[in-house]
Amino acid sequence: MTHPARPAVIDRWHHLIETNDLDALNVLVADDAVFLSPAVFTPQEGKAKTVAYLRAALTVFGGDTGFHYVGEWYGPNSAVLEFVADLDGVHVNGVDLIEWDDRDRIVGFKVMIRPVKGLQALIPRMAAQLEQA
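Rules used throughout
- Residues numbered from 1 in each chain as written.
- Predicted model: local features only at pLDDT ≥ 70, side-chain atom pairs only at ≥ 80, totals over all residues.
- Heavy atoms only, no water.
- Phe/Tyr/Trp six-rings, centres within 6.5 Å; stacked < 30°, edge-to-face > 60°.
- Helix = DSSP H or I, 4+ residues; strand = E, 2+ residues; numbered from the N terminus.
- Buried < 20%, exposed > 50% of the residue type's maximum accessible area, 1.4 Å probe, protein only.
- pLDDT = per-residue confidence, 0-100.
- Pairing = 2+ DSSP bridges.
- Contact = heavy atoms within 4.5 Å.
- Axes fitted to C-alpha atoms, helices over the stretch in contact; angles between N-to-C directions.

1. A few points about the packing of aromatic side chains
Note on aromatic pairs: each is described by the distance of the centres and the angle between the planes.
So, step 1. Within the structure shown, the criterion is met by 8 aromatic pairs.
So, step 2. Ring plane angle 85 degrees and centroid distance 6.4 Å describe the contact between Tyr 69 and Phe 83, whose orientation is recorded as edge-to-face. Of the two residues, Tyr 69 sits in strand β3 (residues 68-75) while Phe 83 sits in strand β4 (residues 78-87), which places them 14 residues apart along the sequence.
So, step 3. Residue Tyr 69 is classed as buried on the basis of its relative accessible area, which comes to 15%.

Right, dumping it as structure tokens:
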């Protein structure tokens, strides 16, 4: 069985995570990007908000959480990346649904988290990071 090649934008996303190069988000995210959080009802529109949420998430899931991707699926301008992590003994499983434009800039980033206990562990951590932004 052959696997489709990983899109360049997803390669850049992985490199950003591996190197913790949060400044690279400013280049990777489009001006009109939208972030959809599992904890916030309204879409977070625009580059500044999208970057703020992604920075917060990368900080929360950094360190010793064991965050890593366990599966990836690609479409023409989209990808689904499944991840796992551990937040103080709470197993978190989720997916990042990423969409990009023809210039390989992220225009949509949606996060889904399970189980609800994992989301409950994540919400206060994200809130704390976003308050610092």
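2. Focus on the confidence of the model for the chain
So, step 1. This prediction gives the chain a mean pLDDT of 93; 97% of its residues lie at or above 70.
So, step 2. Taking the mean pLDDT of every element in the chain, the minimum, 92, falls on helix α4 (residues 116-132) and the maximum, 98, on strand β1 (residues 29-36).

3. Things to note about the sheet that holds strand β6 (residues 106-114)
So, step 1. Taken together, the 6 strands give an open sheet; going across it, the order is β2-β1-β6-β5-β4-β3, and neighbouring strands pair in mixed fashion. The two strands at the open ends of the sheet, each matched to only one other strand, are β2 (44-45) and β3.
So, step 2. Judged from the 2 bridges that link them, β1 and β2 form a sheet pairing that is antiparallel. Following the sheet pairing, Val 34 is matched in β2 by Glu 45.
So, step 3. The sheet contacts of helix α1 (residues 8-19) involve β3, β4, β5 (90-100) and β6, and relative to β3 the element is tilted by about 165 degrees.
So, step 4. Sheet strands touched by α4: β4, β5 and β6. Its angle to β5, the strand with the most contacts, is close to 75 degrees.

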